[in-house]
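Structural characterization, general
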Amino acid sequence: MRSDVLYIVIPCYNEEQVLPETSSRLEHIMEELISKERISSKSRVLLCDDGSKDRTWEIIEELHAKNELFSGVKASRNRGHQNVLYMGLMVAKDRCDMAISMDADLQDDPEVISEFISKYEEGCEIVYGVRSERTTDTSFKRNTAHAFYRIMNDLGTEVVYDHADFRLMSKRALEELSKFEEVNLFLRGMVTMIGFKTAVVKYERHERYAGESKYSLSKMMSLAIEGVTSFSVKPMRIVLFGGVGLAGFAFLAFLALIIVGLCGYWVDAAWICTSLLFILGGAIIACLGLVGLYAGSTLLEVKHRPRYIIDRILES
Ligand code: UDP
Ligand code: MG
C-alpha cells in the first residue's frame with residue numbers, strides 16, 4: 001500500500017466564483033485516488049488566499065469546516081501569484097511527499113493529476129504540465145505567450161516551452177527549491193535549475209471556468225522582465241557587443257572618410273563629425289553594457305543560489 005501524501009497547492013485571488021466548482025472537482029479526484037490507495041488519506045488540497053477582497057477566504061474556511069481534505073493558508077495581503085504559490089509550496093513541503101501546483105480557475109486540467117502521480121511513481125522528482133494546444137486562449141494571449149517563451153530561451157533563461165506553473169514536485173525537489181534565497185520569484189525558471197529526473201505531461205488548457213483573469217498585462221510584463229533579469233546577464237552582453245559593434249563600424253567609416261580626403265577627394269566635415277559622434281555613442285553604449293554586466297553578476301551573486309545539487313552518490 002502506498003502512503004505518499006499529496007498536497008495540491010492552489011493560489012487564489014478573488015476566486016469566489018470558481019472555488020465551489022474547483023473544490024468539488026478536486027474532492028472527487030482526491031477521493032478516487034485515496035480509495036485506489038495511490039495516495040495517502042492524509043493528502044490535502046491547500047487553498048492559498050492571496051489577500052483576496054471577495055469571499056474567497058470565507059469559502060476556504062467553510063470548505064475546511066465541512067471536509068478535512070481542504071486546508072487553507074492566508075497571506076497577510078496581496079503579494080502576487082508567484083509569491084503566494086511559493087508560500088503554499090513551502091507550507092506543503094513539511095507536510096507532503098509530493099505537491100502539485102495548479103491555478104484555481106480550472107484552466108489546468110485536474111484530470112491529469114493521476115498521470116502526474118504515475119510519473120512520480122516512476123521516480124520523477126518534477127513533472128511539468130505542458131499545454132497541448134492553446135485554442136481557448138485569445139490570439140493576443142497565445143502570441144504574447146509564445147513570444148515570451150522564445151525570448152526567454154533566447155535571452156538565456158531556461159524554461160519548459162508552454163509550461164506555466166502546473167507541475168508536480170517531490171518533497172526532495174521542494175527542499176532544493178527552498179534553498180534558493182532570492183526574493184523576486186520566477187518559479188518556472190528556478191524549478192528548471194533544480195534538475196533531477198523529470199517528465200512532461202501534456203494537457204489541454206481549458207477556458208477559465210468563471211470570472212476574469214487576475215493576471216493583468218502589467219503583471220504579465222513584470223513576470224516576463226523578472227524571468228529575464230533574474231536569470232541572465234545576456235541582455236547586457238547584447239548591449240556591450242552592440243556598442244562595440246557600432247563604435248567599430250563608425251571607426252571604419254571615419255577611416256574611410258580620412259583616406260578618401262587624403263586622396264584629394266572632397267569630404268564634407270559633417271560626415272567626419274557624424275562618424276566621430278557614432279564612435280563616441282558606441283563607446284558609451286559599450287560602457288553601459290559593461291557596467292550592466294557587473295551589476296547583473298552582482299545580482300546573481302547576492303541570490304546565494306546553491307552552486308550544485310547532488311542527485312545521488314555511489315560509495316561503499
Ligand atoms: N493569482 C494570485 N494572485 C494574484 C493574481 C492571480 O494568487 O495577484 C492566482 C489566481 O487566483 C489563479 C492563478 O493565480 O489561481 C492564475 O491567475 P489567472 O488565472 O487570473 O491568470 P491567467 O490564467 O489569466 O494567466
Ligand atoms: Mg487562469
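Residues numbered from 1 in each chain as written. Chains lettered and ligands numbered in written order. Predicted model: local features only at pLDDT ≥ 70, side-chain atom pairs only at ≥ 80, totals over all residues. Heavy atoms only, no water.

Concerning the nonpolar core
In terms of nonpolar packing, the biggest core is built from 41 residues, with Val-9, Leu-89, Ala-99, Met-169 and Leu-177 touching the most fellow members. For this core, the leading source of residues is helix H3 (residues 81-93), giving 6 residues. In this view, Leu-89 contacts Val-9, Ala-99, Ser-101, Leu-174 and Leu-177; residues no more than four positions away in its chain are not counted. Ile-8, Leu-69, Ile-113 and Ala-199 belong to the second largest nonpolar core, which has 36 residues in total. (Core = buried A, V, L, I, M, F, W, Y, C linked by side-chain atoms within 4.5 Å. Buried < 20%, exposed > 50% of the residue type's maximum accessible area, 1.4 Å probe, protein only. Helix = DSSP H or I, 4+ residues; strand = E, 2+ residues; numbered from the N terminus. Contact = heavy atoms within 4.5 Å.)

Here's the deal with the pairing of strand S2 (residues 44-49)
Taking burial as the measure, the 6 residues of S2 include 6 buried ones, the bulk of the element. What you see with S2 is no split at all: Arg-44, Leu-46 and Cys-48 on one side and Val-45, Leu-47 and Asp-49 on the other are buried throughout. Pairing of strand S1 (residues 6-12) with S2, which is carried by 6 bridges, proceeds in the parallel orientation. Counterpart to Ile-8 in the pairing with S2 is Val-45. With respect to chirality, the unit in which S1 leads through helix H1 (residues 19-35) into the neighbouring parallel S2 is right-handed. (Pairing = 2+ DSSP bridges. Right-handed = clockwise from strand over helix to strand, strands pointing away.)

Focus on the packing of helix H9 (residues 234-262) against helix H10 (residues 269-302)
In the contact formed by H9 and H10, the axes pass within 7 Å of each other and the chain directions differ by 160°. As far as their axial angle goes, H10 and H9 are roughly antiparallel. H9 and H10 meet at a crossing whose hand is left-handed. Taken together, the residues of the contact of H9 with H10 sort by class into 22 nonpolar, 5 polar and 1 charged. (Axes fitted to C-alpha atoms, helices over the stretch in contact; angles between N-to-C directions. Parallel < 35°, antiparallel > 145°, perpendicular 65-115°, else oblique. Left-handed = near helix turned anticlockwise from the far one by under 90°. Nonpolar A, V, L, I, M, F, W, Y, C, P; charged D, E, K, R; others polar.)

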